[in-house]
Amino acid sequence: MNVQHDPQRQQFWLEPQPGLRGELDYALGPGLVNFHHTGVHPGLRGQGVAAELVEAGLAWAQAEHRRVQAGCSYVATYLERHPEWAHLRA
């Protein structure tokens, strides 16, 4: 899947099928990023879309040298299940 990043909207998104979209929204703070909302169209659920979005967001946060706050329960659960990203937690 091809995740897009829209820094103006503070959002990662993808649309694997026309009209079916997944989004990861964030807010920036000094040296950190708060991923506060993950939304996936019901027609895409169970296909790894949310995980793909979170992976892209975490990779970006790492490249930007930002610590991560999980304001979204999906992101918090993802971080718990993927200890390779634990070093980013704020």
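These notes cover the structure that comes with them. (Residues numbered from 1 in each chain as written. Predicted model: local features only at pLDDT ≥ 70, side-chain atom pairs only at ≥ 80, totals over all residues. Heavy atoms only, no water.)

Time to look at the environment of P16. In this structure, P16 sits in strand β2 (residues 11-17). For P16 and N2, which are 14 residues apart along the polypeptide, the C-alpha to C-alpha distance reads 7.8 Å. (Helix = DSSP H or I, 4+ residues; strand = E, 2+ residues; numbered from the N terminus.)

On inspection of all chains with the given rule, the structure shows five aromatic pairs. Between the aromatic rings of F12 and W60, the centroid separation amounts to 5.7 Å while the plane-to-plane angle is 65°, which identifies the pairing as edge-to-face. Separated by 48 residues along the polypeptide, F12 in strand β2 and W60 in helix α1 (residues 49-63) bring together distant segments of the chain. A relative accessible area of 4% places F12 in the buried class. Overall, W60 belongs to the buried group, its relative accessible area being 16%. Here Y26 and F35 contribute two aromatic rings whose centre-to-centre distance is 6.1 Å and whose plane-to-plane angle is 70°, an arrangement assigned as edge-to-face. The burial state of Y26 is the same as that of F35; both residues are buried. Each member of the aromatic cluster is reached from another via a ring pair, and the members are F12, Y26, F35 and W60. (Phe/Tyr/Trp six-rings, centres within 6.5 Å; stacked < 30°, edge-to-face > 60°. Buried < 20%, exposed > 50% of the residue type's maximum accessible area, 1.4 Å probe, protein only.)

Let us look at unusual backbone geometry. Non-glycine residue Q10 carries a positive phi angle of around 50°. A positive phi angle, near 60°, is found at H65, a position not held by glycine. By secondary structure assignment, the location of H65 is in the loop between α1 and β5 (67-70).

Now for helix α2 (residues 73-81). Note that an α-helix has 3.6 residues per turn; residues three or four places apart therefore point the same way. Three or more residues of α2 are buried, namely V75, A76, Y78 and L79. Within α2, the buried residues cover an arc of 160° as seen down the axis, which keeps them to one side. For α2, the exposed residues set more than 90 degrees away from the buried face come down to S73, E80 and R81. Of the surrounding secondary structure, the elements contacted by the buried residues of α2 are β3 (20-29), β4 (32-40), α1 and β5. (Arc of directions from axis to C-beta. Contact = heavy atoms within 4.5 Å.)

The subject of this paragraph is the environment of Q69. Here Q69 lies in strand β5. Given the relative accessible area of 33%, Q69 is considered partly exposed. Put simply, Q69 and H36 are 33 residues apart on the chain and 8.2 Å apart in space, counted from C-alpha to C-alpha.

Before going further, it helps to examine α1. The end-to-end C-alpha distance of α1 is 21 Å, a good match for the 21 Å that 15 residues give at a rise of 1.5 Å each. Within α1, burial applies to V49, A50, L53, V54, G57, L58, W60 and A61. Buried residues of α1 fall within an arc of 165° about the axis and therefore sit on the same side. Backbone geometry just downstream of α1 places H65 in the positive-phi region, at approximately 60°. (Expected span 1.5 Å × (residues − 1).)

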